[in-house]
Amino acid sequence: MTSLADYRESRELLTHLTLRELRGKYKRSTLGWAWSLLNPLSTMLIFTIVFRVFFRAEAPEGSPSGLSSFALFLLCGLLPWNFLTNSVFGSLGTVIGNASLIRKTYFPRELLVVSQVASWIVSFLLELSLLAVILLIVGNMVLPLVPVVLALVVVLALFATGLSLALSVFNVFFRDVQHFVGIFFQAWFYLSPIVYSVDLVPERHAIFGTDVPLRAIYKWNPMAAFAEAFRDCLYHLRLPSLSTFAYLVTIAVATFLLGLFIFGRFEGRLAEEL
Amino acid sequence: MSEPSIVVEGVSKRFRLYHERNQSLKVALLRGRRAVVDEFWALRDVSFEVPQGSSFGLIGENGSGKSTLLKCMARILRPETGSISVVGKVSALLELGAGFHPELSGRENVFLNGAILGLPQKELQRKFDEIVAFAGLEQFIDQPVKNYSSGMYVRLGFSVAINVDPDVLLVDEVLAVGDEVFQRKCNEKFADLKSRGKTIVLVSHAMTSVHNICDRVAWLDHGQVKMVDAARKVVDEYVGAVQVDRTVDGEDGGERWGSGEARVETVELLDANGSSVSRIRTGEAATIRLHYRFHEPVDKPVFAVTIQTLDGTHVSGPTTRDADQVPDRLLGAGYVDLTFDRMMLLPGTFDINVSIQDYSCLHPYDFRHKVLRFDVEPGEPHESFGLVALGGRWARTEDTGTEETT
Ligand SMILES: Nc1ncnc2c1ncn2[C@@H]1O[C@H](COP(=O)(O)OP(=O)(O)O)[C@@H](O)[C@H]1O
Ligand SMILES: [Mg+2]
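These numbers come from a predicted model, not from an experiment.

Caption draft 1: Here's a closer look at a nonpolar patch on the surface. All names here are of chain A. Where nonpolar side chains cluster on the molecular surface, the patch consists of Leu125, Leu136, Met141, Leu143, Val146 and Leu150 and spans about 470 Å² of accessible area. Mapped by element, the contributors of at least two residues to the nonpolar patch are α5 (110-137) and α6 (146-173). Judged by its relative accessible area of 44%, Leu150 is partly exposed.

Here you go:
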């Protein structure tokens, strides 16, 4: 009985927090919603100039799509990555930033994190729609794959929520966690196939004299798998392999549950630690 | 009424005190664990029940754990042991600042708090004007709350907390911040909530309010329950115990000043039979006796007594100068009586301040603040509200000429 009422009240608060987040994000500037798209576009521009012009990186050819554009190739991996980092860093900030609420009122604290992720899902979907429009214009017929992309968004959101829950609660207990997370995410970015293609990772490589199946190991990185899956759908116009999809669902659900568990263990002490 | 609305069972709450406030992961990794310096039990094995539809007070000295207990009830803090079950929707107003986000405007905060309390936006929209009007903040509602005064904070917080229609209302020592008008409105709201079967838990230092508002009271002492009983009894005991401490404090503390040519040695409260008491009844005779000693001859000394409530409101302040009874010169010891044929104070707890001053009343020879604390118990006349009975009489007359037509 209480749990049902709790659920209804939680939904009310979740909606409120998410809308507040979105309003804050898009109302602040005169450009509004357009502004939010400018950020990934400018990142794309920088990376395209650096890697395509300076490094003369070849744009991988989409198969079967036949598309060849470094900028679009980049965006297909960059948007999911941005969504993840925005969610995680937004969550670190929101738990600290709402300290006065946590100290003086009761509500399920995970809603702060979930609403943060939810608001970034909205931005993510917006960016993906714009990307889809561009892809359609250049002749990539992505429409049949939209349901798969949406499913991937859901799976990635679960993954991001789990990670955000765990890291944001740690960050209250140890305030320098966010610095470590910053360093970690920087390394993670370059260890994921976002500005380059997985094909660049050598199949095998000798480390300390031992022959290591580098690419197989590399592919265990969840963000490598996510970037590849999004790219399969949007850039190459093919379905991600079932094993990849199964791996992503497993890792996302596991991360989500672990995050919930860790958050639940420590949330009772948030009010006194903040 | 029979079913408890809140059950607190064996609750203990521990706080950990660390060296540095913000722990660093780097240091912890190097050291291998978090640096636990000290443990502190703010609550120890606290148990009681609060019946539905009643109002319950929590009293105790600073640091006795009242706020901590309230936060545990509100589920903000999680107790280490024991359990607290609360039936229905809980709304809490804890200390200053309520649950406000300083950067947001008053309006946004009302909606945020409403959402936290689980109120649908539509319902909130409907109640919004009422909430703002109750707080008296119509002009300021679109300003960020960080610009609010503490009184405004409390008014808005309280207004949201009661207007969301909670089943259980938890209020920490905040009402003292509001002005008189607002406090009266709060008291009316408490009465209203109670009459609708809602439960109120109130933390307060103002014994008069506790006594007036609460049915039952728990007295916390160093995190433990010292006493749970009817409000009257607990407040009595508490005031008695605190008074003992206070006299001791008063001797060496800064509660006495003056140039010292004359001293008030002791102060007594005497009942109708002339015996020294600390408790009198409304409507009975009472005498406040000041034993004095003049070490040097003093011209035209004035004796003064003020009676004040625990929250510092002066109820009365007679002086011998006002009564035109100033001797030309005094030396040596004696006593002065201030006699009331009928003590018209209504039930509550009061403090007495006494002084000996020069005729201009600008220079104190001896001033003793809160030298005696006493209780007034119900007597005749009986009135439920206020500090003093003014002796008003009621009369009713029916119009004779008019007939009601239907
Ligand atoms: N977050 C906290 N961390 C450490 N100690 C605390 C914390 N909150 C309260 N305390 C301590 O717990 C004790 C009880 O505090 P509190 O419940 O605020 O008392 P009261 O409201 O009765 O004045 C005090 O000694 C206080 O210093
Ligand atoms: Mg307190």
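Caption draft 2: Just the interface of chain A and chain B, in detail. Between chain A and chain B, the contact holds 34 residues from the first and 39 residues from the second. Carbon and sulfur atoms make up 53% of the area that chain A and chain B hide from each other, which totals about 2,900 Å². Three residues stand out in chain A for area buried against chain B, namely Lys104, Tyr106 and Phe174 of chain A, and they jointly supply 22% of the buried area on that side. Counting every contact that joins chain A to chain B gives 1 salt bridge. Lys13 of chain B is the salt-bridge partner of Glu272 of chain A, the closest N and O atoms lying 2.7 Å from each other. The tally of links between chain A and chain B comes to 5 residue pairs in polar contact (both at pLDDT 80 or more). Elements represented by at least two residues in the side of chain A that touches chain B include exactly α1 (2-27), α4 (99-104), α7 (177-190), α10 (242-267) and α11 (270-273) of chain A. Looking at side-chain class alone, the side of chain A that touches chain B contains 12 nonpolar, 7 polar and 15 charged residues.

Caption draft 3: Looking closely at the sheet that holds strand β3 (residues 55-59) of chain B. Residue and element names in this part refer to chain B. Taking strand neighbours across the sheet as the criterion, the 6 strands line up as β5-β6-β7-β3-β8-β9 in an open arrangement whose pairing is mixed. In this open sheet, the two edge strands, each paired with only one partner strand, are β5 (90-93) and β9 (224-230). The sheet shows a mean angle of 15° between the axes of neighbouring strands, taken without regard to direction. Relative to β9, strand β8 (residues 216-221) is paired through 6 bridges, and the arrangement is antiparallel. Residue pairing across strands places Arg216 opposite Ala230, the latter belonging to β9. Lying on the sheet, helix α5 (residues 150-163) is in contact with β5 and β6 (168-171); it crosses β5 at an angle near 170°.

Caption draft 4: View of the site of ligand 1. All names here are of chain B. Near ligand 1 you find Phe15, Leu17, Phe40, Ala42, Glu61, Asn62, Gly63, Ser64, Gly65, Lys66, Ser67 and Thr68, and these make up its full shell. Ser64 is positioned with one of its backbone polar atoms (N or O) 3.2 Å from an oxygen atom of ligand 1. With respect to ligand 1, the backbone of Lys66 contributes an N or O atom lying 2.9 Å from an oxygen atom. Protein coverage of the free-state accessible area of ligand 1, which is 560 Å², stands at 67%. At the level of secondary structure, the elements contributing two or more residues to the shell around ligand 1 comprise β1 (4-18), β2 (36-51) and α2 (66-73). The element contributing the most residues to the shell around ligand 1 is α2, with 3 residues. Among the residues making up the shell around ligand 1, the classes are represented as 4 nonpolar, 6 polar and 2 charged.

Caption draft 5: A look at the packing of aromatic side chains. All names here are of chain A. Scanning the model with the defined rule gives 29 aromatic pairs over all chains in all. Three or more aromatic residues joined by ring pairs form one cluster here, namely Phe47, Phe51, Phe55, Trp81, Phe89, Phe159, Phe184, Phe185, Trp188, Phe189, Tyr190 and Phe226. In this structure, Arg109 packs its charged tip against the face of Phe107, placed 5.0 Å from the ring centre. It is Arg231 that lies over the ring of Phe73; its NZ or CZ is 3.7 Å from the centre.

Caption draft 6: Seen up close, the domain arrangement of chain B. Residues and elements named next belong to chain B. Looking at the assigned domains, one finds that chain B contains domain 1 (4-242) and domain 2 (255-377). For domain 1 and domain 2, the distance between their C-alpha centres works out to 38 Å. Listed by partner, the interface residues are 9 residues for domain 1 and 10 residues for domain 2. Both sides together, the interface formed by domain 1 and domain 2 hides about 780 Å², and carbon and sulfur atoms give 52% of it. Contact with domain 2 buries surface across domain 1, with Thr208, Asp236 and Val239 losing the most and accounting together for 51% of the total. Seen at the junction of domain 1 and domain 2, the total is 1 salt bridge. Between Arg279 and Asp236 there is a salt bridge, and its shortest N-O distance comes to 4.0 Å. At the junction of domain 1 with domain 2, the criterion picks out 0 residue pairs in polar contact (both at pLDDT 80 or more). Put simply, the parts of the chain that give the side of domain 1 that touches domain 2 at least two residues each are α7 (207-213) and α8 (231-252). Here the element with the most residues in the side of domain 1 that touches domain 2 is α8; it accounts for 5 residues.

Caption draft 7: Seen up close, α5 of chain B. All names here are of chain B. Compared with an ideal rise of 1.5 Å per residue, which puts 14 residues at 20 Å, α5 spans 20 Å between its outermost C-alpha atoms and is within 8% of the ideal. The element α5 is largely enclosed, with a buried count of 13 among its 14 residues. Asp165, located one to two residues past α5, shows a positive phi value of around 60°.

Caption draft 8: Looking closely at α2 of chain B. Counting buried positions along α2 of chain B gives 7 out of 8 residues, so the element sits mostly inside the fold. Once α2 of chain B finishes, Arg75 of chain B follows within two positions and takes phi at roughly 70°, a positive value.

Caption draft 9: Representation of the environment of Ser67 of chain B. Residue and element names in this part refer to chain B. Locating Ser67 in the fold gives a position in helix α2. Given a relative accessible area of 22%, Ser67 falls into the partly exposed group. Separated by 105 residues in the primary sequence, Ser67 and Asp172 have C-alpha atoms spaced 6.6 Å apart.

Caption draft 10: Region of the structure containing the state of the cysteines. Enumeration according to the criterion identifies 0 disulfides over all chains in this entry. Here Cys233 of chain A stays free of any disulfide, with the sulfur of Cys76 of chain A as its closest cysteine sulfur at 9.6 Å. Take Cys233 of chain A: its relative accessible area is 0%, and that puts it in the buried class. The cysteine Cys72 of chain B is free of any disulfide, with Cys214 of chain B supplying the nearest cysteine sulfur at 19 Å. For Cys72 of chain B, a relative accessible area of 4% corresponds to the buried category.

Caption draft 11: Here's a closer look at the layout of surface pockets. Residue and element names in this part refer to chain B. Taken as a whole, the largest pocket spans an internal volume of roughly 1,300 Å³. For the largest pocket, the lining is made up of 41 residues, of which Gln183, Ala206, Thr208, Ser209 and Asp311 are closest to its centre. Looking at the lining of the largest pocket, the elements that each hand over two or more residues are α6 (180-195), β7 (199-203), α7, α8 and β18 (364-377). Take the lining of the largest pocket: its biggest share by element is 9 residues, from α6.

Here is what the cut-offs are and how they apply
- Residues numbered from 1 in each chain as written.
- Chains lettered and ligands numbered in written order.
- Predicted model: local features only at pLDDT ≥ 70, side-chain atom pairs only at ≥ 80, totals over all residues.
- Heavy atoms only, no water.
- Patch = residues over 30% accessible without salt bridge, like charges linked within 9 Å, V, L, I, M, F, W, Y side chains within 5 Å.
- Areas by Shrake-Rupley, 256 points an atom, 1.4 Å probe, with all protein chains shown as cover.
- Salt bridge = Lys/Arg side-chain N within 4 Å of Asp/Glu carboxyl O.
- Helix = DSSP H or I, 4+ residues; strand = E, 2+ residues; numbered from the N terminus.
- Buried < 20%, exposed > 50% of the residue type's maximum accessible area, 1.4 Å probe, protein only.
- Contact = heavy atoms within 4.5 Å.
- Buried area = accessible area lost by both parts, 1.4 Å probe.
- Polar contact = N/O pair within 3.5 Å; in protein donor to acceptor, adjacent residues only side chain to side chain.
- Nonpolar A, V, L, I, M, F, W, Y, C, P; charged D, E, K, R; others polar.
- Pairing = 2+ DSSP bridges.
- Axes fitted to C-alpha atoms, helices over the stretch in contact; angles between N-to-C directions.
- Near = heavy atom within 4 Å.
- Phe/Tyr/Trp six-rings, centres within 6.5 Å; stacked < 30°, edge-to-face > 60°.
- Lys NZ or Arg CZ within 6 Å of the ring centre and 35° of its normal.
- Domains from an automatic or database assignment.
- Expected span 1.5 Å × (residues − 1).
- Disulfide = S-S within 2.5 Å.
- 1 Å grid on protein atoms, 1.4 Å probe; cavity = no way out; pocket = protein on both sides within 12 Å on 5 of 7 lines; lining within 4 Å.
- Points joined across faces, edges and corners; volume = space filled by probe spheres on them.

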